Amino acid sequence: MPPYARRVCGLLLAFCLLVVAHHLRPAPYGDRLTTSARVARQPRGGPWTPSARGSAVAARDARTGAVRWRYARVGHRPAAVLSARAEVIALWEDGLLTDTDGRSVRWHRALPDAAEWLPAQGGTGVLRPLGRGILGVVTPHRVTAYRIADGDLRWVLPAHEGCAFRPRGAVRRGAALLLAQPCAHTAWTGQLVALDDRGRITPGRTPLGNGLPRRGPHADVGKPLARPR
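Residues numbered from 1 in each chain as written. Predicted model: local features only at pLDDT ≥ 70, side-chain atom pairs only at ≥ 80, totals over all residues. Heavy atoms only, no water.

A. Representation of the overall build of the protein within the structure. Broken down by element type, the protein carries three helices and 16 strands. The buried share among the 229 residues of the protein stands at 38%. Expressed as a percentage of contacts within the protein between residues at least 6 apart in sequence, the contacts between residues at least 24 apart total 43%. Surface summary for the protein: the accessible area is close to 13,800 Å², and the carbon and sulfur share equals 57%. (Helix = DSSP H or I, 4+ residues; strand = E, 2+ residues; numbered from the N terminus. Buried < 20%, exposed > 50% of the residue type's maximum accessible area, 1.4 Å probe, protein only. Contact = heavy atoms within 4.5 Å. Areas by Shrake-Rupley, 256 points an atom, 1.4 Å probe, with all protein chains shown as cover.)

B. Structural view of the sheet that holds strand β1 (residues 31-35). Within the open sheet, the four strands sit side by side as β1-β4-β3-β2. Their pairing is antiparallel. Whereas interior strands pair on both sides, the edge strands pair on one side only; in this sheet they are β1 and β2 (48-53). On average, each strand axis in the sheet is inclined to that of its neighbour by 15 degrees, with strand direction left out of account. Two elements, strand β3 (residues 56-61) and strand β4 (residues 67-73), share five bridges in a ladder whose sense is antiparallel. (Pairing = 2+ DSSP bridges. Axes fitted to C-alpha atoms, helices over the stretch in contact; angles between N-to-C directions.)

C. Seen up close, the nonpolar core. Counting 17 residues, the largest nonpolar core has Ile89, Leu91, Leu97, Leu111, Leu127, Leu135 and Val137 as its most contacted members. Every element with two or more residues in this core is listed here: β5 (78-84), β6 (87-92), α3 (114-121) and β10 (134-138). Residues contacting leucine 135, with those up to four places away along its chain left out, are Leu82, Ile89, Leu127, Arg128, Leu130, Thr144, Ala145, Tyr146 and Ile148. In this structure, Trp155, Phe165, Ala170 and Leu177 belong to the second largest nonpolar core, which totals 14 residues. (Core = buried A, V, L, I, M, F, W, Y, C linked by side-chain atoms within 4.5 Å.)

This is the structure we're talking about:
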């Protein structure tokens, strides 16, 4: 066999091995997303309702009750789910956040210190929509805000020293989320925090830009992450 032919055969063999390795590698984060054939053929289906049952998140057709898609992670179970537009955000028992639209898992985000509070707290009250496409994740240590469109981290509000947020103790008042922050030696006025999509609501605060980044020569590049006052 001529030398050039051996080189071509070697390149073809290497390419085939790469393809096989790609298909054999495990799915990231143990993702297992199953979509019904009918949904795959219909770009825009009718309304559906998400639910967390057992070890999976499922979306059922609001009219027929049939399962439209099912999303699971090997060895894990969902602690809470939140419907946001045409997507479902799930909090898993290992502290991972996921966003799926039934066709793909759009992003994953890991919550810090989840092992310290999640087993006792569970998912109740953790996922809080803040409006304008922003998701608030309330934990005892901090409130973290993500842009739902792409999972981008927008801001972080830590609890005061010696205090802790109470995810269950939150109430909506118009555009604001009123969140309890019990403290041992603080007046009651300091134990209630008002939030919206831009962070903590305070007089004279600096607005945050939570929209998707602009493209083009005048786009903001490397804009620092803001921290609410």
